[in-house]
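Remarks on the overall topology
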Amino acid sequence: MRQDSLHKRYAYKMVANTISFFIGALTQAIIPRGLGPVAYGNFNFLANFFTQITGFLDSGTSTCFYTKLSSRHDESGLVSFYLYFIGIVALVILGFVAVALLSGLNLFLWPGQRVIYVLAAMVFAILAWVNQVCNSMTDARGLTVPSEVGRVAQKFFAAGLICAIYFLGRLNLGALFVYHYLVLSLWVIVCLGIMSSHGYALKQGWKLRLSQIRLYAGEFYQYSHPLFLYSFFVLAVGLFDRWLLQIVGGSLEQGLYSLSYQIGALCFLFTGAFTPLIMREFSIAHHEQNTPRIAALFRNYASLLFAVTAYFACFAAAQAQKIVLILGGAGYNSAVLAATIMAFYPIHQVYGQLNGSVFYATGKTKLYSGLAIIFLIAGLPLTYFLIAPKSMWGLNAGACGLAVKMVLINVVDVNVQFYFIAKLLKLNYGGYLRNQFTTIFCLFAAAWVIAAAVDRLSRGHYNFIVSFVISGIAYTAVAAAIGYFFPGVFGIDKAGIKQLIRGIV
């Protein structure tokens, strides 16, 4: 019964994410184009800074909250405690920004940025964090189906709003922040309404006894304190990467990298929907001390999700020039190489997310953070070498350099993590490793050959969008044929595919 429920919830996630993919592509075609590379780079530089800050102060507590709520979804006190925690963190961030502005530290932290936009980015990051927590609450309580219906409605509202702002000629940095405030606030309201209609009103359990606060604080500390050092390094390295790019390359390179990153994020949209769902199943299985079920879930879905992500990513890599032109316009032509490289980044995010889900669900956060810290530190000199100017012994590779660093460190880090996961769950590490390379090689070769052939045949007959669509149809047919007739290439089998389809339908 639980497996059928998982399939149904994933089906709704997939439908919602399919719609979100096209709406997201529309949004990405409007925002970068409307702002231009420099303003788009400023937005992403500031948004990334404060998102990194909230991630550091989160220190894995949101994952702990999701994990605990998945197995104790009726416990309203748990929700109240975490909302209090969010409020305290928001005050800490506000205090930090105030000190930075009063001391003049803002000139160093946010070079060339206006104070009003610094404050706007702070509010944006906090709202985005609240959105993530609200989404986790609906998933943890098994309300994925109604929440995904609501998310589709929210996405249509967001698309209509950004189109109106753009065609009215009002799209600028300030308008973009207001747009995000409206969209994020709407999603919080939708989630609260869904939970309230299913008997999970927030007014339940607002008042907590001191003994409850101590109990919850101890529970969160026990789970999350091994992740504090890890979160610190994530913050330091994440800020250093973008700060160095801003100092050396300026807002232009920041904008080029940001567009490249968003293209990769679109490729991960479909399979990323599965992560909170499978983490919930991992948490329940671990609570029941059912390690074989965790292993079975990993075997059933890891290779399939990897292949689905690689399908989108390899096509995006082969079609990077057209995608950049569609989403950003001619002003982003210099982002093509960075976009080609970053298209490969989300492929190994699948294993990274699944690895993290197992580590979190089984409470092995100390091992997880230790491994991650090693590769975060290893990435620092690589970042400097790739981005620093040639006069300071660097390659001055800008957005392309940061893209190379992100992909390279991600591949190595994920596979080292998976080595320990394979030992824990008694999985065939070598088989999964071979599967990664065969999947990527076959799909990218197919995407590249088809793209080259269609471009040659359509030269002078069709515009680039038509050839892009034709290439996508041909590539999809070839990928589907490989998956059906030679599923072993992707590390999957026909029985698994048919079982998943039956479960979803």
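Below is a summary of the structure that appears in this document. (Residues numbered from 1 in each chain as written. Predicted model: local features only at pLDDT ≥ 70, side-chain atom pairs only at ≥ 80, totals over all residues. Heavy atoms only, no water.)

What follows deals with the side chain of S260. Note that S260 resides in helix α9 (residues 226-272). If sequence neighbours within four positions are ignored, S260 has contacts with A335, A338, A339 and M342. (Helix = DSSP H or I, 4+ residues; strand = E, 2+ residues; numbered from the N terminus. Contact = heavy atoms within 4.5 Å.)

Two measures describe an aromatic ring pair: the distance that separates the ring centres and the angle between the ring planes. A complete count under the given rule lists 38 aromatic pairs for this structure. Look at F418 and Y432: their rings are 5.1 Å apart centre to centre, the planes differ by 70 degrees, and that puts the pair in the edge-to-face class. Taken as a pair, F418 in helix α16 (residues 398-425) and Y432 in helix α17 (residues 429-458) lie far apart in primary sequence, 14 residues in all. A residue is classified by how much of its surface remains accessible, and F418, at 1% relative accessible area, is buried. Grouping aromatic residues by their ring pairs yields a cluster made of F298, F306, Y351, F418, Y419, F420, Y429 and Y432. (Phe/Tyr/Trp six-rings, centres within 6.5 Å; stacked < 30°, edge-to-face > 60°. Buried < 20%, exposed > 50% of the residue type's maximum accessible area, 1.4 Å probe, protein only.)

Moving on, we come to helix α5 (residues 115-140). For α5, with 26 residues, the first-to-last C-alpha span of 38 Å sits near the 38 Å given by 1.5 Å per residue. Counting buried residues in α5 gives 19 out of 26 residues, a clear majority hidden from the surface. Of the residues one or two after α5, G142 is the one with positive phi, at around 75 degrees. (Expected span 1.5 Å × (residues − 1).)

This paragraph deals with the nonpolar core. Note that soluble globular proteins tend to have their nonpolar side chains buried in a common cluster. Counting residues in hydrophobic clusters, the biggest one holds 150 residues, and the most contacted among them are F50, F65, W110 and F298. Looking at this core, the element that brings in the most residues is helix α11 (residues 291-318), giving 16 residues. (Core = buried A, V, L, I, M, F, W, Y, C linked by side-chain atoms within 4.5 Å.)

Attention now goes to the side chain of S224. By the secondary structure assignment, S224 is in helix α8 (residues 210-224). When neighbours within four sequence positions are excluded, S224 is seen to be in contact with S59, G60, T61 and C64.

Take the packing of α11 against helix α18 (residues 464-485) next. It is the contact of α11 with α18, at a shortest axis distance of 11 Å, that shows an interaxial angle of 145 degrees. Considering only the axes of α11 and α18, their crossing is right-handed. Of α18, the residues touching α11 (which contributes A310, Y311, C314 and F315) are F468, S471, G472, Y475, T476 and A479. When its residues are assigned to classes, the contact of α11 with α18 shows seven nonpolar, three polar and no charged. (Axes fitted to C-alpha atoms, helices over the stretch in contact; angles between N-to-C directions. Left-handed = near helix turned anticlockwise from the far one by under 90°. Nonpolar A, V, L, I, M, F, W, Y, C, P; charged D, E, K, R; others polar.)

Right, let's talk about the pattern of salt bridges for a bit. Considering all chains together, one arrives at three salt bridges under this definition. One salt bridge connects E219 with K68, and the closest N-O pair in it is separated by 3.8 Å. Of the two residues, E219 sits in helix α8 while K68 sits in helix α2 (residues 61-71), which places them 151 residues apart along the sequence. Residue D241 pairs with K405 through a salt bridge whose shortest N-O separation is 2.7 Å. With D241 in helix α9 and K405 in helix α16, this pair connects stretches of sequence that are 164 residues apart. A residue is classified by how much of its surface remains accessible, and K405, at 5% relative accessible area, is buried. (Salt bridge = Lys/Arg side-chain N within 4 Å of Asp/Glu carboxyl O.)

It is worth spelling out a nonpolar patch on the surface at this point. On the surface, F464, I465, V469 and I473 cluster together to form a nonpolar patch covering roughly 350 Å² of accessible area. Overall, V469 belongs to the partly exposed group, its relative accessible area being 44%. (Patch = residues over 30% accessible without salt bridge, like charges linked within 9 Å, V, L, I, M, F, W, Y side chains within 5 Å. Areas by Shrake-Rupley, 256 points an atom, 1.4 Å probe, with all protein chains shown as cover.)

What follows concerns the packing of helix α14 (residues 345-361) against helix α15 (residues 365-387). Where α14 meets α15, the axes come as close as 7 Å, and the angle between the chain directions of the two elements is 140 degrees. Between α14 and α15, the crossing angle belongs to the class labelled oblique. Residues G356, F359 and Y360 of α14 form the contact with α15, whose own contacting residues are T365, L367, Y368 and L371. Of the residues assigned to the contact of α14 with α15, the class counts are five nonpolar, two polar and no charged. (Parallel < 35°, antiparallel > 145°, perpendicular 65-115°, else oblique.)

Across all of its chains, the model carries zero disulfides by this definition. The structure places no disulfide on C64, whose sulfur is separated from the nearest cysteine sulfur, that of C134, by 17 Å. The cysteine C267 is free of any disulfide, with C314 supplying the nearest cysteine sulfur at 9.1 Å. What makes C267 buried here is its relative accessible area of 5%. (Disulfide = S-S within 2.5 Å.)

Before going further, it helps to examine unusual backbone geometry. For W393, which is not glycine, the phi dihedral falls at a positive 65 degrees. For W393, the location among the structural elements is in the loop between α15 and α16. Phi is positive for N396, which is not a glycine, with a value near 55 degrees. Note that N396 resides in the loop between α15 and α16.

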